[in-house]
Amino acid sequence: MKRLFYTLSLALALVSCSTAPKSADSAVDQRVEDLLSKMTLEEKIGQLNQLSSMNNLEDMAKQIREGRVGSILNEVEPGRINALQRIAKDESRLGIPILMSRDVIHGFKTIAPIPLGQAASFDLEAVEAAARIAAIEATNDGIRWTFSPMIDIARDARWGRIAEGYGEDTYLTSLMGAATIRGYQGPDLSDPTSMAACAKHFCGYGASEGGRDYNTANITPRQLLDVYLPPFQKAAEAGAATYMTSFNEIDGVPSTANSYLLKTMLRDAWHSDAMVVTDWASTSEMLAHGNTYDRADVAAKAINAGVDMEMVGETFIQNLPQLLKEGRVKLSTIDNAVRNVLRLKFRLGLFENPYVDENKRVAYAPEFIEKTLKLATESAILLKNADETLPLSSKVKTVALVGPMADAAYEQSGTWTFDGDASHTVTPLAALQAINGIKVLYEPALTHCRDQKAAGIASAVAKAKQADVVICVVGEEAIMSGEAHCLADINLYGKQKDLVEALSKTGKPLVTVIMAGRPLTIAKQVEESDALLYMFHPGTTGGTALVDLLFGKAVPSGKTPVTFPYMVGQVPIYYNHKNSGRPAAGTELLIDQTPVGAGQTSLGCSSYWLDAGFGPLFPFGYGLSYTTFEYSNLKLSKTELAKNETLHVTFDLANTGKYDATEICQLYIRDLVGSVTRPIKELKGFKRVALKAGEKTTVEFDLNMADLAFTTLDMKHEVEPGDFKLWVAANSDDNTNEASFTVK
Ligand code: NOJ
């Protein structure tokens, strides 16, 4: 293991060339050193201890007074926060403020779509704005540190936490993560509305075997460097103030004891001075992992690997004094961890003002709602629209609104919404009822998404028969995705499939809307519906966004940030896979076409599933619009380039349909031959382009040859000379506009 990490560190020296060392913050560093020099060992170790909020304020106060607490998570009541800060400032020996933290994952009060939905917008500005709103609302209540963004690459929809990240693609996730960090932290951490971000989970958590949470991740060193680490490097470049170690192990080493991640990468390669926190008791969980003997061994391994602060596990506070005496942990190691904690507190301006204005309320401000609505609208993905079912015509006067997610304010907000008040959430029912001149016949049919009682379906069908159109809103309750909520079957649950089927037989136009935390296996519902809109749990403004889209006030633009499988057995499934030695041609015999008694042969066979074929239900980057777009006239500034050059790519995009709309144009490349095999496609750029009906424009991309680098056979991060293909495309499966170039 050590040798492997050593080899990797060599590779990293090259990765790190692009990351300039952070400029020294000498004034802050001076304050840190002054304070550190006054601290007792107990006070130092106290700074490395994060408590979970307790009901009993006095218990917390006592520990703060004694200098045993550096941070508290989950305390959100401004009055209590002020009381605790007052004790820290006035009653502890050195007056060090407490860093108040919380999981503010996709909004604090105003809830934005879940991160997977945000990724579908491909709109970095809107995503940054959502994070800014979350920061303004959360800091107003005293939270100065959030455990977000989650930038784990997830290629397996069984994993419940796929909801919390930006999907399967390294490039998209890197940019989304950086935008979110910028939004939380604002231009300067010392601004009272700035909230320290936390790049998590460092690293590889999204690769949990079998899509089962907390499970082992099997990641090769090269995959770690090329797929899983780049979003964390980008986070360092964006100035992420903190990192969180992940629960999983990689190749036998739990992240909380992984010095390769926490030192070689974070400190040496990326020059980050971020503070590193563990995940919840991921220290003591190393006992279950089986790489530590006892809690003292846990503390030693974690702090020696590069952890600064321990989230609730309390192995540091209990064991570091003795470990120091025994020489198993050095004082300089503890001091460095304390420096990282104090530096953040100084940067946040907590020493100047740890308090919050208890009378100021900023939640749900109209501009927050407006920006969140924009993002929710852009996050919706139109997956089918037969015969222009959508937008609904002005002739539609009676709408049957059906399904357990049609009026489920809490559920449509998705996972991790501790603080959002569901009474502010606009459901599809509320939004539809607010439209003048539309009669709404509402019938949930099922009480919730897992409801197994089919009795309500008949009444939904009866209502459908009286309507001009049926809108059926199904999906997953919030608790069906997120942490620890993994599924081995990713189909619609309960009697929802029967509901969609019954409605499809009414002969009325059926618009199915799915609100879920993951891509579901919905091939049958796609077939049965005339139109299908996918909304990853859309949050506070989800109902308004949906109704705007249904009636054409807005036009869908979202594209899939993850591949949608036909069947769960296809996962992990993702667009940028390797070709294999026997790629499927698409003409393979499926199970029903295979003759009974057919003879076994290996000749001419290829890589596919007898029942599912080869491809996905929907590829990465896919989404329809009410209008149509045409790509043409692809031009490259050069076809032969040196490794340090930039390729200028242009093409024409025309809106050839009837609606003003936005297209998410994507740029993909393929490195045809490498010293190691290369993915069949890689996303290298995207742009949201707004065009009026009939309008045409020239779209431009710049592709730096340096961005074609990968981890080569000898573990160097390099661009290899050779031939490349390039596509400008509407999705990852669109090969129509192709060009070639060569790197010399
Ligand atoms: C455990 C989760 O894995 C992590 O993402 C979260 O931030 C912490 N708990 C704190 O709630």
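From a predicted model like this one, the values you see are computed outputs, not experimental measurements. (Residues numbered from 1 in each chain as written. Predicted model: local features only at pLDDT ≥ 70, side-chain atom pairs only at ≥ 80, totals over all residues. Heavy atoms only, no water.)

Some remarks on the overall build of the chain
A tally of helices and strands in the chain yields 21 helices and 26 strands. Over its C-alpha trace the chain gives a radius of gyration of 27 Å, about what one expects of a compact globule, namely 27 Å for 744 residues. Along the longest, intermediate and shortest principal axes, the C-alpha atoms of the chain span 75 × 60 × 55 Å. Split into buried and exposed, the 744 residues of the chain put 59% on the buried side. The contacts in the chain between residues at least 6 apart in sequence include a share of 77% that link residues at least 24 apart. By element, 51% of the accessible surface of the chain is carried by carbon and sulfur atoms, the whole surface being about 28100 Å². Taking the 73 positively charged and 90 negatively charged side chains of the chain as two groups, their mean positions are separated by 1 Å. (Helix = DSSP H or I, 4+ residues; strand = E, 2+ residues; numbered from the N terminus. Rg over C-alpha atoms; globule rule 2.2 N^0.38 Å. Buried < 20%, exposed > 50% of the residue type's maximum accessible area, 1.4 Å probe, protein only. Contact = heavy atoms within 4.5 Å. Areas by Shrake-Rupley, 256 points an atom, 1.4 Å probe, with all protein chains shown as cover. Lys, Arg positive; Asp, Glu negative; His and termini not counted. Charge placed at Lys NZ, Arg CZ, Asp CG, Glu CD.)

Observations concerning the site of the ligand
For the ligand, the set of nearby residues contains 13 residues, the closest of which are Asp-103, Arg-161, Lys-200, His-201 and Asp-279. Between Arg-161 and the ligand, the recorded distance is 2.7 Å, taken from a side-chain N or O atom to an oxygen atom. One of the side-chain N or O atoms of Asp-279 is found 2.5 Å from an oxygen atom in the ligand. When the ligand sits alone it has 290 Å² of accessible area, and the protein chains cover 95% of it. A class-by-class count of the residues in the shell around the ligand yields seven nonpolar, one polar and five charged. (Near = heavy atom within 4 Å. Polar contact = N/O pair within 3.5 Å; in protein donor to acceptor, adjacent residues only side chain to side chain. Nonpolar A, V, L, I, M, F, W, Y, C, P; charged D, E, K, R; others polar.)

Some details on the sheet that holds strand β18 (residues 640–641)
Taken in spatial order, the five strands line up as β18-β26-β25-β20-β21 in an open sheet, and their pairing is mixed. Single-partner strands in this sheet number two, and they are β18 and β21 (682–691). Relative to strand β26 (residues 738–743), β18 is paired through two bridges, and the arrangement is parallel. The residue bridging Glu-640 from the neighbouring strand is Thr-742, located in β26. (Pairing = 2+ DSSP bridges.)

Some remarks on the packing of aromatic side chains
The tally for this structure, following the rule as stated, stands at 24 aromatic pairs. Taking 5.4 Å as the distance between ring centres and 90° as the angle between the ring planes, the aromatic pair formed by Trp-416 and Phe-418 counts as edge-to-face. Overall, the relative accessible area of 15% leaves Trp-416 in the buried class. These aromatic residues form a ring-pair network of at least three members: Phe-122, Tyr-171, Tyr-575, Phe-620, Tyr-668 and Phe-686. If you follow Arg-155 out to its NZ or CZ, it ends over the ring of Tyr-574, 3.7 Å from the centre. Sitting above the plane of the Phe-710 ring, Arg-678 keeps its charged end 3.6 Å from the centroid. (Phe/Tyr/Trp six-rings, centres within 6.5 Å; stacked < 30°, edge-to-face > 60°. Lys NZ or Arg CZ within 6 Å of the ring centre and 35° of its normal.)

Some thoughts on the side chain of Asn-340
Among the structural elements, Asn-340 can be located in helix α15 (residues 331–347). In contact with Asn-340, not counting residues within four places along its chain, are Arg-267, Asp-273, Ala-274, Met-275 and Asp-308.

Quick look at the pattern of salt bridges
On inspection of all chains with the given rule, the structure shows 47 salt bridges. The shortest N-O distance in the salt bridge between Glu-443 and Lys-463 comes to 3.8 Å. Placement of the pair is Glu-443 in strand β13 (residues 439–443) and Lys-463 in helix α18 (residues 456–466), with a sequence separation of 20 residues. Note on Glu-443: relative accessible area 15%, which makes it buried. (Salt bridge = Lys/Arg side-chain N within 4 Å of Asp/Glu carboxyl O.)

With respect to the side chain of Thr-139
Among the secondary structure elements, Thr-139 is positioned in helix α7 (residues 124–140). Here the side chain of Thr-139 touches Ile-136 through a polar contact of 3.3 Å, landing on its backbone oxygen. Look past the residues within four positions of Thr-139 in its chain and what remains in contact with it is Arg-144, Pro-192, Thr-193, Ser-194, Met-195 and Val-356.

A look at the sheet that holds strand β3 (residues 99–102)
Pairing in this open sheet of five strands is parallel, and the strands run β4-β3-β2-β1-β10 from one edge to the other. The two strands at the open ends of the sheet, each matched to only one other strand, are β4 (145–146) and β10 (310–311). In this sheet, β10 lies alongside strand β1 (residues 49–52) in parallel orientation, the contact comprising two bridges. When the bridges of β10 are listed, Asn-49 appears paired with Glu-310.

Brief notes about the pairing of β13
Summarising the sheet, strand β12 (residues 398–402) and β13 pair through five bridges and their orientation is parallel. Its bridge partner lying in β13, Val-399 is registered against Val-440.

Remarks on the packing of helix α16 (residues 366–379) against helix α21 (residues 542–550)
Two packed helices can be described by the angle between their axes and the distance between those axes. In the contact formed by α16 and α21, the axes pass within 8 Å of each other and the chain directions differ by 55°. By the criterion of interaxial angle, the relationship of α16 to α21 is oblique. For α16 against α21, the interelement crossing comes out right-handed. Contact with α16, carried on its side by Leu-373, Ala-376 and Thr-377, involves Thr-544, Ala-545, Asp-548 and Leu-549 of α21 and no other residues of that element. Counted by class, the contact of α16 with α21 contains four nonpolar, two polar and one charged residues. (Axes fitted to C-alpha atoms, helices over the stretch in contact; angles between N-to-C directions. Parallel < 35°, antiparallel > 145°, perpendicular 65-115°, else oblique. Left-handed = near helix turned anticlockwise from the far one by under 90°.)

Shape is all these values report; function is a separate question.
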